[in-house]
Amino acid sequence: ALEAVSVGWGHTCGLTAEGSLWCWGRNAEGQLGAGDAESRSRPFELGGGYVQVSARGVHTCALKDDLSLWCWGTNADGELGVGDRSSRSSPTRVNTSARFRQVSSGYFHTCAIALDGSLWCWGERDFTGTGVANPSDVLTPTQLGDDTDWLHVSAGYNHTCALKQDQSVWCWGDNAVGQLGQGDTVTRLVPSLITLP
């Protein structure tokens, strides 16, 4: 039986209590991690040793029990964090030696919190929170600032929000419909604090 599940754009992945990872659904971009582009209407087992999975968008990322981070699927914006824009149809280790405790895959980008509480993002440059200095997409994990008090991160279609240990909420990315909670529709390229009324 599955104890956790994550839904993407046309595909789903789930974890058993023993750490076995299963995916099913659309696979045209390799987001099931099966090594091919064949969609599956029944769960396909990728293997064991996993502790968390995030399957939003058309790519999937998962943490293994050694806290290494693995991603697969589409990679047009560098959202797999492997240093290039080539898609992968099998789990591929993210290009970093950092160990992670949580990952969230968005549609065009991915963010993760390291074991030391630092926050890392990569993918489409306007959605990563790494600021205006980046001339192109971020192809490998890049730390956001120096803070090490990040608790949880959630990446969406084109924006991201994260929670700190003091319960403050910070958001960044596209803000066309006010999704950053700033009272306006201005895009933020770095994490911006939400102030409750």
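Look a little higher up for the structure.
Note that the structure is a prediction, hence the values are computed from the model and not measured. (Residues numbered from 1 in each chain as written. Predicted model: local features only at pLDDT ≥ 70, side-chain atom pairs only at ≥ 80, totals over all residues. Heavy atoms only, no water.)

A. Fine view of the nonpolar core. Leu69, Phe100, Val103, Ala112 and Trp122 are the most contacted members of the largest nonpolar core, which has 15 residues in total. Every element with two or more residues in this core is listed here: β6 (59-64), β7 (69-73), β9 (100-105), β10 (109-114) and β11 (119-123). For Phe100, the contacting residues outside a window of four places in its chain are Leu63, Leu67, Leu69, Ala112, Ile113, Ala114, Leu115 and Trp120. If you look at the next biggest cluster of nonpolar residues, it comprises twelve residues, including Leu15, Leu21, Leu32 and Trp70. (Core = buried A, V, L, I, M, F, W, Y, C linked by side-chain atoms within 4.5 Å. Buried < 20%, exposed > 50% of the residue type's maximum accessible area, 1.4 Å probe, protein only. Helix = DSSP H or I, 4+ residues; strand = E, 2+ residues; numbered from the N terminus. Contact = heavy atoms within 4.5 Å.)

B. How the structure looks around the pattern of salt bridges. This model, assessed by the stated rule, comprises eight salt bridges. The partner of Arg26 in a salt bridge is Glu29, and the shortest N-O contact between them spans 3.0 Å. For Glu29, a relative accessible area of 24% translates into the label partly exposed. With its nearest N and O atoms 4.0 Å apart, the salt bridge here joins Asp126 to Arg125. For Asp126, a relative accessible area of 30% puts it in the partly exposed group. The structure contains a network of salt bridges with shared partners spanning Asp147, Asp149 and Lys164. (Salt bridge = Lys/Arg side-chain N within 4 Å of Asp/Glu carboxyl O.)

C. Structural view of the sheet that holds strand β4 (residues 40-47). If you walk across this open sheet you meet the four strands as β1-β2-β3-β4, and the pairing is antiparallel. Each end of this open sheet is capped by a strand with a single partner; those strands are β1 (2-7) and β4. Between one strand and the next, the sheet's axes are offset by a mean angle of 20 degrees, whatever the strand orientation. Pairing of strand β2 (residues 11-16) with strand β3 (residues 21-25), which is carried by five bridges, proceeds in the antiparallel orientation. Counterpart to His11 in the pairing with β3 is Gly25. (Pairing = 2+ DSSP bridges. Axes fitted to C-alpha atoms, helices over the stretch in contact; angles between N-to-C directions.)

D. Region of the structure containing the environment of Arg56. Looking at the element boundaries, Arg56 is found in the loop between β5 (50-54) and β6. The exposure class of Arg56 is partly exposed, given its relative accessible area of 32%. Separated by 49 residues in the primary sequence, Arg56 and Val7 have C-alpha atoms spaced 5.9 Å apart. Every residue in contact with Arg56, bar those within four places of it in the chain, is listed here: Ser6, Val7, Gly8, Ser104, Ser105, Gly106, Ser154 and Ala155.

E. The pairing of β7, seen in detail. Among the five residues in β7, five count as buried, and that is most of the element. Here β7 shows no split at all, with Leu69, Cys71 and Gly73 on one side and Trp70 and Trp72 on the other all buried. Between the antiparallel neighbours β6 and β7 lie four residues, among them Leu67 with a positive phi of about 70 degrees. Where β7 meets strand β8 (residues 88-93), three bridges bridge the pair, whose relative direction is antiparallel. The residue of β8 that forms the bridge with Trp70 is Arg93.

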